[in-house]
Each structure stands twice: as C-alpha cells, then as structure tokens.
Amino acid sequence: IIVDAELPKDLSRKTVLTEWRKACERIYKRASIKFSTDGFGDGVTSVITDSRCNQHITANGSFERAVRLPAAIRGAKKAGAGSSKSFPLIYTVEDRYVDFAEKKILPKAHKRSYLKRLKNKISALPADAKGVPLTDDSDGEGGEDTMGSRGSFTAAVVGVAAALKGVDMIIGGQCVNVFCAIRPPGHHAGREVRPMKAISNGFCLLNAAASAALYATAPRSEGGLGLKRVCVIDFDVHHGNGTQDILCSTQDSRFLYVSLHAGGAHINGYEDPGESDDGLYRHSLGTSKNEGIYPGRCGDTSPHEGVLNIPLGQKVTAAAIGQALVTQVAPAVDKFSPELVILSAGFDAHENDPLGMGGLTAEDFGHITEVACQMAFKSCSGRVLSVLEGGYGVPCCVPQRENLFLPEGVEPPPPPRLLDLGGDLPSTMDDQIPQEGFRQKLEKCHQEGFLEAVQCHVASLAKSNHRAPTK
C-alpha cells in the first residue's frame, strides 16, 4: 500500500515506511504487555549458559581463563538472575540447537574449510591436552593466543547454540531480552582464520553474535526467522573484525555493525607501563607500532554504510563512549530501524582489566546497556540479545601451586587473595596463574572487575524491561 500510494511531495516513502514500522512496534508492545503472564512476555529477562562451555581449557596464565564463565554466572545472579519467573537462569541448551548450529548456521558464518580444519585439529588432541594452539596457520604462526583443549569445539558450538536459543526466545515473545554467558568469545572469529589481516584469532573460535544475526535473518524456508534488519553493537575494547568480516565484508541491507573500541588512525601501538618482562601482555594485546591496537587498522575507518566503526583513542573512557553513543550510534540505529539488536558485550574496557586499555567502571557498563536498550525500545520493542565477549578482570579463584624452580634463597611470593565464587565454581576447575605480574594486576579486581561489570550489565537489561510503550 505504501509503495503504490501517491504521497505529498514533501513526504518520502522511506519516511512513511519508517513511521509505519514504529507504529507496528508500538502495537506489538501494547499487545505483548496485555497478553504477558508471570514469567512470559513483557518484563522478562533471561540468562542462558551451559556447563559444556567449561570444556574449553586454555593454558595456565592465559587471559581467557575458564573461571570467566562461573564469574559471569555469579555476576548475573547478583543482578537477580534465577530469583524469579521473570528473571530465569537457564543452565542447559537443548541438543537440537547445538545440532542446528553446527549443521545449518555455522556454515553460513564460517568457511567450511575453516570449520573442518578446526574440528579435526581439536578432535585429534589427547584427552588431557590443554592450552594447545588451535588457530595457527600452515606455517604454525598466529595461534599462540587462541589455545584450547579436546572440548573446545563443543564449547564453542554450544555457545553459538545458546545465542540461537536466545534469539528464538526473544522473537517468539518469551522474553524481551537475553544475556548469553558463554565462552570462548567469538567476535574476532571470521569466515577464515585471522580475518581482515589480524595477527591472530584473539581467543576466538566461532562467532556467536554473527551466527545469531544470520539465523535471525535467514528465510523461514531455511530454518531462520526471516527478519529484515539486525543491528550488532560491539562495545568490547577491541574491534570485532570477525563480525564485520562475516556480516559486512560488502554492504548487506540486513545488517548494521557498530563497534566502539580502542584505537584510531593516530594510535601506533599500546604501551603498558606495568608490562611484564615475559612478553605476555604485549602478545595478548597484539600491539605493533605499525599495526595499531589489535586486531589492526581494520577498525579505524568504516568501509560502507553498513559499518560504523568508532575508534575511541588509546584508552576507552566513559566520556568518549557516552558521546559516541548519543551523537553517532543512536542516530545510525534509528535510521536503520532494526528488528533485533545484538550486543557483543565485552568488559575489557574496565579500568581494572589486566589489559589496561579502558577507564570504565561497572556502573558505566550499566549505562551503556541502558542506552542500547533505549535504542532497541525505540525501534524494536526492546528486543536485545547480549553475547559475552571479552573481559578478563577475574582474580585468582583457586589456591596456587608453589613454584618449585625458584632460585636458591628466593622466597616465594605470598599466596594471592582468592575470589570466592561459591557453588558456581566447578570443583574440578583449576586456575593457575604462574606470572606474578599478572596476579598483581588481577588483585585490583577484588575492588571491582569483570564480575561487577557483568552484574551491572545484566541488571540494566532487567531494568530496561519495564517501560510502557510510547503513546
């Protein structure tokens, strides 16, 4: 009707179509409020996780440690997850989602050759192997930071499956928004290994955020949900080169990718004044005087209208990210008018994160989440899927084994203070951090760190469920 109708000269079809979409969303929101019940529909935030993600075991001292997942679950619980029917904490992803993710969705996101090579490499590992490079190239380069174990492929597929389940729950009207507490992270995983000329895969194996967007927009005839527009907003401290590579290597009207990250054309590497001599921090940051901040120069500019890359300088500050959200992101999202917003939720821009690349507090992450939810309420009745990416500020969680190779006469350092995760920490999970410099950086996170950032993020998702529709 809109396409064929004759409109006044001062009124474009695009404007009318945009307003029509907003009107439809207002009707949907009112209907969802009217027909919601306790634990279903409006006012419901869900948290999804799965213990199989713990099968991804990295090397001792890696930034991407297994304890990140129980810490995220504890943070979600502190925000209220699992306390009521309207705030469920779901501990298992059904096998049908896992099977569908591996067979139907992942081949849309990643090249089959990449998936085959990764799966074969992991399945050939000994059962007790851990911390094995998984994404090195044929010359053995580029895999040192992305390590894993025999269960890593299963963990990554289950993480993708959790995101697909979350999309189903949101689009099906079960809840307004979802947080997926999963690992390993995924936004640096592209169609092929080391996308957009990155030096490594940055701890990532499979891209859950991109896979969720592809599932949401796939035709129903292919098992998808048939949405027309999905926006991904990535606030991890690093640019999500993998997500951009999968969704927006060329302009695709279905997707808008927004990234707010450390970097910029004027930034040449990152210097950490507290860097250890062992080179751990420099490698994990992926810094180079010529390549800028990891993953490189790919986030310095936006190649077309489907990408909005916003580099925020050497360190991400609350003022910079707040201004960018209001002046650049909100207008772009409003213009795009998505039917679903996906958050690549990285918390490594926290001021106490061991990477040292941000100046945000946990409360700042809550504000970022609220602003993103406001954008979603304006365009798509608040439909938001949040997927855990980075964030490494988790203090030591288990007693550390004594270093038996100290030089004679050298006293061992005092044992670190332990973060108590209670029953959320599996009894079999180890967490050895041999680097004393790394341990000292994590000590600051007892004051505030990853757990509190997740708590504020999830609390803001729940808080943002209770708005009445615009009249």
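Here is what the cut-offs are and how they apply
- Residues numbered from 1 in each chain as written.
- Predicted model: local features only at pLDDT ≥ 70, side-chain atom pairs only at ≥ 80, totals over all residues.
- Heavy atoms only, no water.
- Pairing = 2+ DSSP bridges.
- Helix = DSSP H or I, 4+ residues; strand = E, 2+ residues; numbered from the N terminus.
- Contact = heavy atoms within 4.5 Å.
- Axes fitted to C-alpha atoms, helices over the stretch in contact; angles between N-to-C directions.
- Phe/Tyr/Trp six-rings, centres within 6.5 Å; stacked < 30°, edge-to-face > 60°.
- Buried < 20%, exposed > 50% of the residue type's maximum accessible area, 1.4 Å probe, protein only.
- Lys NZ or Arg CZ within 6 Å of the ring centre and 35° of its normal.
- Expected span 1.5 Å × (residues − 1).
- Core = buried A, V, L, I, M, F, W, Y, C linked by side-chain atoms within 4.5 Å.

Engineer: How do you make sense of the sheet that holds strand β9 (residues 340-345) when you look at a structure like this?
Structural biologist: Two strands in a sheet stick together by hydrogen bonds in their backbones, pointing the same way (parallel) or opposite ways (antiparallel). Here we have eight strands laid out as an open sheet, ordered β2-β1-β5-β10-β9-β6-β7-β8, and parallel in their pairing. Strands at the two margins of the open sheet, each flanked by one partner only, are β2 (89-90) and β8 (307-311). Summarising the sheet, strand β1 (residues 45-49) and β2 pair through two bridges and their orientation is parallel. Residue Val-47 lies in a different strand from β2, and its bridge partner there is Leu-89. Those strands touched by helix α5 (residues 152-171) are β1, β2, β5 (177-181), β9 and β10 (384-388), and its axis lies near 165° from that of β10. Helix α10 (residues 362-380) rests against β6 (230-234), β9 and β10 of the sheet, and its axis sits at about 165° to β9.

Engineer: Looking at this structure, I do not really get the packing of aromatic side chains. What am I missing?
Structural biologist: To describe a pair of aromatic rings, you give the distance between the ring centres and the angle between the ring planes. Taken as a whole and judged by the stated rule, the model has eight aromatic pairs. When the centroid spacing of 6.0 Å and the interplanar angle of 70° are considered together, the rings of Phe-235 and Phe-347 count as edge-to-face. Of this pair, Phe-235 sits in the loop between β6 and α7 (241-248) while Phe-347 sits in the loop between β9 and α10, placing them 112 residues apart in sequence. Just as Phe-235 is buried, Phe-347 falls in that class too. On the basis of an interplanar angle of 65° and a centroid distance of 5.1 Å, the ring pair of Phe-347 and Phe-365 is categorised as edge-to-face. Placement of the pair is Phe-347 in the loop between β9 and α10 and Phe-365 in helix α10, with a sequence separation of 18 residues. For the pair Phe-347 and Phe-365, a shared accessibility class is recorded, and that class is buried. Members of the aromatic cluster, joined through ring pairs, are Phe-63, Phe-203, Tyr-392 and Phe-438. When the ring centre of Tyr-28 is taken as reference, the NZ or CZ atom of Arg-383 above it lies at 5.2 Å.

Engineer: Help me understand helix α9 (residues 318-336) in this model?
Structural biologist: Spacing of three or four residues puts side chains on the same side of an α-helix, whose turn is 3.6 residues. For α9, built from 19 residues, the straight-helix expectation of 27 Å at 1.5 Å per residue is met to within 8% by its first-to-last C-alpha distance of 25 Å. When we look at burial in α9, the residues that qualify are Ile-321, Ala-324, Leu-325, Val-329, Val-333 and Phe-336. Those residues of α9 hidden inside the fold are in contact with β6, β7 (255-261), β8 and α10. Positioned one or two residues after α9, Ser-337 has a phi angle of 55°, which is positive.

Engineer: Would you explain the nonpolar core in this entry?
Structural biologist: Looking at soluble globular proteins, one finds that nonpolar side chains tend to be buried together. The biggest cluster of nonpolar side chains holds 132 residues, and the ones touching the most others in it are Leu-206, Ile-233, Leu-260 and Leu-385. Here the element with the most residues in this core is α5; it accounts for 12 residues. Not counting chain neighbours up to four residues away, the residues in contact with Leu-385 comprise Ala-163, Gly-166, Val-167, Ile-170, Val-178, Cys-180, Ala-212, Leu-340, Val-341, Ile-342 and Leu-343.

Engineer: Honestly, the environment of Gly-422 in this entry has me stumped. Any pointers?
Structural biologist: Within the fold, Gly-422 resides in the loop between β10 and α11 (436-443). It is 43 Å that separates the C-alpha atoms of Gly-422 and Glu-222, two residues lying 200 residues apart in sequence.

Honestly, that's just the spatial picture; any functional story needs more than this.
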